[in-house]
Amino acid sequence: MRSYLKGLRFAAFLIDALISTIFILLFSNITSAIFLKIFPDLPIPIYLTWAFFIIIGIAYILLKDGFNGKSLGKRIMGLIVIQENKKPCSFKLSFIRNLILFIPFINLYEIYLFLKNHQRPRLGEKITNTRIEET
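It should be emphasised that the depicted structure is a prediction, and the values quoted were computed from it without experimental measurement.

S.K.: How should the pattern of salt bridges be read in this particular structure?
M.R.: Counted according to the given criterion, the structure contains 7 salt bridges. One salt bridge in this structure joins arginine 122 and glutamate 110, with 3.1 Å as the shortest N-O distance. Of this pair, arginine 122 sits in the loop between helix H5 (106-116) and helix H6 (123-128) while glutamate 110 sits in helix H5; the two residues are 12 residues apart in sequence, bridging distant segments of the chain. Take arginine 122: its relative accessible area is 12%, and that puts it in the buried class. Residue glutamate 133 is joined to arginine 131 by a salt bridge in which the shortest nitrogen-to-oxygen separation is 2.8 Å. With a relative accessible area of 28%, glutamate 133 lands in the partly exposed category. A relative accessible area of 32% means that arginine 131 is categorised as partly exposed. In the salt-bridge network here, residues are joined through shared partners; they are Arg9, Asp65, Lys74, Arg97 and Glu125.

S.K.: For this particular structure, what's the right way to read unusual backbone geometry?
M.R.: Negative phi is the rule for most residues except glycine; trans is the rule for most peptide bonds. Phi is positive for asparagine 68, which is not a glycine, with a value near 60°. Note that asparagine 68 resides in the loop between helix H2 (44-63) and helix H3 (72-77). At phenylalanine 105, a position not held by glycine, the phi torsion is positive, near 70°. Mapped onto the elements of the fold, phenylalanine 105 is located in the loop between helix H4 (91-99) and H5.

Rules used throughout
Residues numbered from 1 in each chain as written. Predicted model: local features only at pLDDT ≥ 70, side-chain atom pairs only at ≥ 80, totals over all residues. Heavy atoms only, no water. Salt bridge = Lys/Arg side-chain N within 4 Å of Asp/Glu carboxyl O. Helix = DSSP H or I, 4+ residues; strand = E, 2+ residues; numbered from the N terminus. Buried < 20%, exposed > 50% of the residue type's maximum accessible area, 1.4 Å probe, protein only.

Below is the structure:
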């Protein structure tokens, strides 16, 4: 892997995380405000709204590379996730390769290895036999 690809990957991840966070905060707040006007004494719709949009945000992070191998961040940075057979990453493989990021301690180890050694693929990439290339 080229050394500058590490920076592109990190930038793509930050873009995807920012998109997910903005989506959650924007739509949860707007929907909560609407429910607060409709049901001023009932907090359950607000809790359900936040839970729904957090689940949608997590689903995006898990499935983001299944959109023809390119999340929004990867599209902007000119990257693609491909399988061994050169086909773009599927939703199933995207889920598996990104699920590692939600497992405590393993995710910290992944970040440490990513920052320390740009030649080593992530654990999720090893498991799914995928890699990131420039488009």
